[in-house]
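Examination of the molecular architecture
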Amino acid sequence: MSGGTDSSVAALLLQDAGYEVTGITFRFYEKNDDTEYLDDAQELCRKLNIRHIIHDARQIFNEKIVRYFIDEYMAGHTPVPCTLCNNFLKWPLLKQTADELGIYHLSTGHYVRKKFVDGHWHIACGTDADKDQSFFLWGLPQDILERMLLPMGGLTKTQVREIAARRGFLKAAHKRDSLGVCFCPMDYRSFLKRHVPDGSIRPGWFYDENGLMIGKHEGYPFYTIGQRRGLGINLNKAVFVKEICPSENRIILSDRLETLEKHEMFLKDWQTSNPDALLGQDDVKVRIRYRKQENRCTVRLTEKGLLHVELHEPLASIAIGQAAAFYRGELVLGGGIITSV
């Protein structure tokens, strides 16, 4: 329970359904030592007359997520901290705590559903397409999926706010949605500057595809593959980040988006709900960004244990470090982290 609208209403609905509910709030990151969210979660649990637990996970969050986020940008990659946090930290911690307390079911305020298909549990897209969060949960194993309760999956955000208001939880009903990464929601550049040694990020040069120096940049970690806006260079035409060279602090730009197109990619740290439903099938679609278009692909396992994704149509702006999630219709088949293209 984050103290926000979605997890608050999830607790309400679970209690209405007859479950004995225990709320847990993870302390992952607190900007400027702001703990108002803890007070909000505690107050909701008090009104519902349910037990509330606070789990201080700030150290492991810093070690596993914040450190990863910094290291990936400094390597010239595009990190996906929310995906890693959900799949490899938040849900496993939830399961661990539940096991310690003798609780079977696990629940959050995610806008997703789950389905049992051919003997395997799958995450499925939420009813509200604008809030669907299935892209972030491709890495959950079966022992977590089978225990999940997802009361928000069939609701829209508007309905959720109405439920909170109708039950008298007005603060929860009107809370703003969180945007971006929790520890640097709007400006990752300032965050990086504060957390790397002085001089680690320094100005460098943009080059065109022919090696011609065409302008100055603020430091390679401040740019991502495919980026077009916010480059700080005016060439009287649209240009895109094609390549990032950390060792030389060099960024290659192209004015032709098609030069960024790739026909394949390889994934590490992958997970699939059912390998037979994913590997070698020709009706699988892959998505590399939340809310972005899905592309048809064929997925195979390599001798090195990576997933080889063959794209049926070329896809631009694939960056090392990004997540890729596989779908068949509304079912999530799995996903992984892009390690090469």
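Each remark here, short or long, concerns the structure printed above.
What this report covers is the structure whose coordinates are included nearby. Predicted model, so just to flag it, every value in this text is computed and none were measured.

What follows is about the overall build of the protein. Within the protein one finds nine helices and 16 strands. If you line up the protein on its principal axes, its C-alpha atoms span 65 × 50 × 35 Å. Counting only residues that meet the buried cut, the protein has 49% of its 341 residues in that class. Long-range contacts, defined as pairs at least 24 residues apart, comprise 63% of the intrachain contacts of the protein with a sequence gap of at least 6.

Across the ten residues that make up strand β16 (residues 331–340), a large majority, eight, are buried. Pairing of strand β11 (residues 262–272) with β16 involves five bridges; the strand directions are antiparallel. Within β16, the position partnered with Phe-266 by the bridge is Ser-340. Sheet topology places strand β15 (residues 323–328) next to β16; six bridges connect them, and they run antiparallel. For Ala-324, the partnering residue across the bridge sits in β16 and is Gly-336. Where β15 hands over to β16, the hairpin turn is made up of two residues, of which Gly-329 adopts a positive phi near 60 degrees.

Moving on: the packing of helix α3 (residues 58–74) against helix α4 (residues 81–101). Between α3 and α4, the shortest axis-to-axis distance is 10 Å and the interhelical angle comes to 145 degrees. Here α3 runs over α4; the crossing is right-handed. Of the residues in α4, those touching α3 at Ile-60, Phe-61, Ile-65, Tyr-68 and Phe-69 are Pro-81, Leu-84, Cys-85 and Leu-89. Here the contact of α3 with α4 is built from residues that sort into nine nonpolar, no polar and no charged.

The biggest cluster of nonpolar side chains holds 58 residues, and the ones touching the most others in it are Phe-61, Phe-69, Trp-91, Met-148, Phe-183 and Val-241. Once residues within four sequence positions are removed from consideration, Phe-183 is found in contact with Tyr-29, Phe-61, Ile-65, Val-66, Phe-69, Pro-81 and Phe-191. Formed by 22 residues, the second largest nonpolar core is a distinct cluster that contains Ala-11, Cys-45, Leu-48 and Phe-169.

A few words on the pairing of β11. Each regular strand carries side chains that alternate between the two faces of the sheet. Note that β11 and strand β14 (residues 307–315) share five bridges and pair antiparallel. Considered in β14, the bridge of Phe-266 is made with His-308.

What follows deals with helix α8 (residues 188–195). Buried residues of α8: Tyr-188, Phe-191 and Leu-192, and no others. Taken down its axis, α8 places every buried residue within 100 degrees of arc, on the same side. Exposed residues lying more than 90 degrees from the buried face of α8 are Lys-193 and Arg-194. Where α8 is buried, its residues contact α3.

Turning our attention to the sheet that holds strand β9 (residues 240–245). Taken together, the four strands give an open sheet; going across it, the order is β8-β7-β10-β9, and neighbouring strands pair in mixed fashion. Whereas interior strands pair on both sides, the edge strands pair on one side only; in this sheet they are β8 (213–217) and β9. Across the sheet, the axes of successive neighbouring strands diverge by a mean angle of 30 degrees, strand direction being ignored. When strand β7 (residues 204–207) meets β8, the two strands line up antiparallel, connected through four bridges. Across the sheet, the residue bridging to Tyr-207 is Met-213, located in β8.

Among all positions in helix α6 (residues 157–166), only Lys-157, Val-160, Ile-163 and Ala-164 are buried. One side of α6 carries all its buried residues, which in axial view fall inside an arc of 120 degrees. Across α6 from its buried face, at more than 90 degrees, point the exposed residues Thr-158 and Arg-166. On the buried face of α6, the contacting elements are α1 (5–16) and α7 (170–173).

Another point: the environment of Asp-71. Within the secondary structure layout, Asp-71 lies in helix α3. We classify Asp-71 as partly exposed; its relative accessible area is 39%. Sequence-wise, Asp-71 and Leu-192 are 121 residues apart; in three dimensions their C-alpha atoms are separated by 9.7 Å.

Here the focus is the pattern of salt bridges. Enumeration over the complete set of coordinates arrives at 25 salt bridges. The partner of Asp-16 in a salt bridge is Arg-167, with the nearest N and O atoms 2.7 Å apart. Taken together, the positions of Asp-16 in helix α1 and Arg-167 in the loop between α6 and α7 put the pair 151 residues apart, joining distant regions of the chain. Note on Asp-16: relative accessible area 48%, which makes it partly exposed. In this structure Arg-167 comes out as partly exposed when scored by relative accessible area, which is 37%. With a closest N to O distance of 3.1 Å, Arg-67 and Asp-71 form a salt bridge. Taken together, the residues span about one helical turn, with Arg-67 and Asp-71 both in helix α3 at a distance of four residues.

What counts and what doesn't
Residues numbered from 1 in each chain as written. Predicted model: local features only at pLDDT ≥ 70, side-chain atom pairs only at ≥ 80, totals over all residues. Heavy atoms only, no water. Helix = DSSP H or I, 4+ residues; strand = E, 2+ residues; numbered from the N terminus. Buried < 20%, exposed > 50% of the residue type's maximum accessible area, 1.4 Å probe, protein only. Contact = heavy atoms within 4.5 Å. Pairing = 2+ DSSP bridges. Axes fitted to C-alpha atoms, helices over the stretch in contact; angles between N-to-C directions. Left-handed = near helix turned anticlockwise from the far one by under 90°. Nonpolar A, V, L, I, M, F, W, Y, C, P; charged D, E, K, R; others polar. Core = buried A, V, L, I, M, F, W, Y, C linked by side-chain atoms within 4.5 Å. Arc of directions from axis to C-beta. Salt bridge = Lys/Arg side-chain N within 4 Å of Asp/Glu carboxyl O.

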